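Spelled out from the first residue to the last, the chains are:
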Amino acid sequence: MRPWTVRRALLGSAGLTLIIFGAALYLLRHAIFGKIVNNVLSLTPNSKAYEMWRDTDKMNTYLDIYFFNWTNPEDLLDLSKKPNLVQLGPYSFRERREKVNIVFHPENDTVSYQQRRTWFLDKSRSNGSLDDKICELNVVAVSAAEKTRFWPYMMQQSLSYMLDQFSSKYYVVKTVDELLFTGFEDHLISMGRMSGLDDTAPPFDRFGWFYERNGSTMFDGTNNMATGVNDIENLGKVLKWNYQNATNYYESPCNAIEGSAGEFWPPYRTTEDIRLFTPDICRPVTYEFEKEVVYKGIQGYKFALGKKTLSNDTRRHYPHQQFKYVESMTTAEGFSSADPTVIKPQPEIDRDFKEMNEGKCYCNGECSPMGVLNITACRYGAPGFISLPHFNRGDKVLASSFTGLQPVDDKHSFYITLEPTTGIPIDVAARLQVNILLRPSKSVVMFKDVPTLYFPMFWFEMKVGIPDDMFTQNKPNGVDMSQVKTEVVYMDKAGTSEDTQTRTDRRLHPKL
Ligand SMILES: *[C@@H]1O[C@H](CO)[C@@H](O)[C@H](O)[C@H]1NC(C)=O
Ligand SMILES: *[C@@H]1O[C@H](CO)[C@@H](O)[C@H](O)[C@H]1NC(C)=O
Ligand SMILES: *[C@@H]1O[C@H](CO)[C@@H](O)[C@H](O)[C@H]1NC(C)=O
Ligand SMILES: *[C@@H]1O[C@H](CO)[C@@H](O)[C@H](O)[C@H]1NC(C)=O
Ligand SMILES: *[C@@H]1O[C@H](CO)[C@@H](O)[C@H](O)[C@H]1NC(C)=O
Ligand SMILES: *[C@@H]1O[C@H](CO)[C@@H](O)[C@H](O)[C@H]1NC(C)=O
């Protein structure tokens, strides 16, 4: 008898099923991004995972935001002094995710949906108040200068003149609430919109990092995801985003939509890298296998954001079918519009590429130092750059250009630990920092002599793990969780004799 048969015989299958669902549902309440994963069940309107996936309100998922307060803005032009940053926070929000406009397509085993995210301030978890005043780089002015960089000289001059007229500074002092949710007005935003010159301007009248995002379904786009019904290997993969299987934000083949939506992972994990498609940055990101870990008694594979994503010269093999071309579209349109776009294979590209410098196509022009990802194209042309908090795992120059940054890998990495047999995430820390590139401008006087800096604005953390009490609630006397999970995967469809089947014949079947 094979080992799993022994365990099954010992535990008895009826009781086992209960434990499994108890555990899986409990996991559901607490796993990555407040959603979860029940790999025993593919996603259908009747599956146990469905309700949890549709609305995470019952789970406690928190978004913790840390700001950097710039305490010496007057010293920016004094090259003997580094900008000093003081980390404030966390400002902690409970996050609810709801899926809306859900349509299942049984004909191709996919589901289409949009996502609504709502945030509720949790005062007891916060260190500070939303009224705290914070000094930050003036993102609106920097973005305007960056966008006009390649415009005719005269137009750059008028920007320069406007900044002067509005007595704008290269920093702003705003409350946390203004910076995040309520936004603040800026003359430049209204001028830019009125003049009609900038047709790629975001359709907003105020600026705030989460302005108009609370309760909106606009920002994550429309996903078409594989349900895994006929092929569990595809479970949770994003196949189309905004009705396309490629984006227009990066060069082909880096514009391919690929990777998991982050909620469901197929079972039988190997140590092969995993990929996650992240709408916030309009691209897939690779998490590299780091090590085997034991988390609260459960064996797991830990995958983390590392060199392959953070460096600017990563080579990767792309199968030729991943070379996707999008007919020219403007950047602003693609982000939220639902218009289907024709994707044409380019004959000269449609050949068998062996390897491709992924760094190069994600650089989108000039490359950045290791550790920062250029998301300018995905942010209406604002010079946004994503990194790990405190530029962890990045070029040392990035953090040492400031005082007050101290990368510590334990606190500032982004990792996903999956239980290998089921693919269920058991410990996740999603952490990213948002930075703005400040650099000298020839024609905008305010920025004439500024140093070149990737300026940190804030970072956030979403940390989810299996809570300790899971064991007291779901672990019957002497049952080891690792055995339970193994059983989940090898359950047979109709309870047929295990000994007549080999492991490779086995498929995952929902056992209800
Ligand atoms: C942020 O720094 C400024 C000085 O630049 C200070 O006046 C302000 O109180 C600080 N904010 C907080 C919340 O500590
Ligand atoms: C709360 O924030 C202050 C800075 O404003 C910091 O010195 C302190 O360590 C923080 N406390 C916690 C528990 O994070
Ligand atoms: C987000 O919107 C909800 C209502 O939809 C509200 O209760 C909540 O306070 C808002 N959150 C923030 C941070 O403004
Ligand atoms: C699956 O079918 C639906 C409905 O026809 C379609 O909208 C969707 O784009 C298809 N998905 C894929 C990946 O082809
Ligand atoms: C790539 O990153 C390295 C390490 O940070 C840096 O030295 C190099 O200048 C970058 N390459 C380009 C083309 O910017
Ligand atoms: C970042 O991307 C933008 C457009 O997508 C490009 O113009 C710019 O050169 C890139 N690199 C840097 C360092 O800004």
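Thresholds applied
Each chain carries its own residue numbering, running from 1 in the direction its sequence is written. All chains are assigned letters beginning with A, and all ligands numbers beginning with 1, in the order in which they are written. Per-residue local features of the predicted model are confined to residues with pLDDT of at least 70, and side-chain atom pairs are confined, for both listing and counting, to 80 or more; whole-chain, interface and lining totals are unaffected and use all residues. Hydrogens and water molecules were not included; the side-chain quantities draw on all heavy atoms of the structure. If even one non-hydrogen atom of a residue comes within 4 Å of a molecule or strand, that residue is called near it. Here a polar contact means two N or O atoms within 3.5 Å. Within protein one must be a hydrogen donor candidate and the other an acceptor candidate, and residues neighboring in sequence count only if both atoms are side-chain atoms. Using a 1.4 Å probe, the Shrake-Rupley method yields the accessible areas, and only the shown protein chains count as cover for residues. What we call a nonpolar core is a set of buried Ala, Val, Leu, Ile, Met, Phe, Trp, Tyr and Cys residues that are connected through their side-chain atoms within 4.5 Å. Partly exposed residues are those whose accessible area sits between 20% and 50% of the maximum for their type, while under 20% is buried and over 50% is exposed, using a 1.4 Å probe and protein chains only. Secondary structure elements are taken from DSSP: a helix is a run of H or I of four residues or more, a strand is a run of E of two residues or more, and numbering for both begins at the N terminus. Here a residue-residue contact requires only that any non-hydrogen atoms of the pair lie within 4.5 Å. Polarity classes work like this: nonpolar for Ala, Val, Leu, Ile, Met, Phe, Trp, Tyr, Cys and Pro, charged for Asp, Glu, Lys and Arg, and polar for all others, with Gly in that last group. Cysteine sulfur pairs qualify as disulfides if the two atoms are within 2.5 Å.

Novice: Where do I start with the site of ligand 5 in this structure?
Specialist: The immediate surroundings of ligand 5 are formed by N312, C367, S368, P369, M370 and D395. Here an oxygen atom of ligand 5 sits 3.3 Å away from a polar atom, N or O, in the main chain of C367. M370 places a polar main-chain atom, nitrogen or oxygen, 2.8 Å from an oxygen atom of ligand 5. Taken by itself ligand 5 offers 360 Å² of open surface, and the protein chains cover 47% of this.

Novice: What is the right way to look at the nonpolar core in this model?
Specialist: One recurring pattern in soluble globular proteins: nonpolar side chains tend to sit buried together. Among the nonpolar cores identified, the biggest contains 102 residues, and F67, W209 and F447 are the most heavily contacted of them. The greatest single-element share of this core, amounting to eight residues, is contributed by strand β17 (residues 453–465). Beyond its immediate sequence surroundings of up to four residues, F447 is in contact with A141, V142, A145, L163, Y170, L438, R439, P440 and S441.

Novice: Would you take a moment to explain the site of ligand 1 for this structure?
Specialist: Taken together, N69, W70, T71, L88, D132 and K133 form the complete shell of residues around ligand 1. Contacts to ligand 1 include N69, whose side-chain N or O atom sits 2.3 Å from an oxygen atom. Note that a nitrogen atom of ligand 1 is positioned 2.8 Å from one of the backbone N or O atoms of K133. Burial of ligand 1 by the protein amounts to 50% of the accessible area it has alone, namely 360 Å². Counted by class, the shell around ligand 1 contains two nonpolar, two polar and two charged residues.

Novice: I tried to follow the environment of E146 on my own but got confused; where do I start?
Specialist: Tracing the backbone shows E146 in helix α4 (residues 139–147). Judged by relative accessible area, which is 12%, E146 ranks as buried. Other than its neighbours up to four places away in sequence, E146 contacts P383 and R439.

Novice: Where do I start with the state of the cysteines in this structure?
Specialist: Here, disulfide denotes a covalent bond that connects the sulfur atoms of two cysteines. On inspection of all chains with the given rule, the structure shows three disulfides. The disulfide partner of C363 is C367, and the gap between their sulfur atoms is 2.1 Å. Since a negative S-S torsion denotes a left-handed disulfide, the C363-C367 link at about 100 degrees is right-handed. According to the relative accessible area criterion, C367 is partly exposed, its value standing at 40%.

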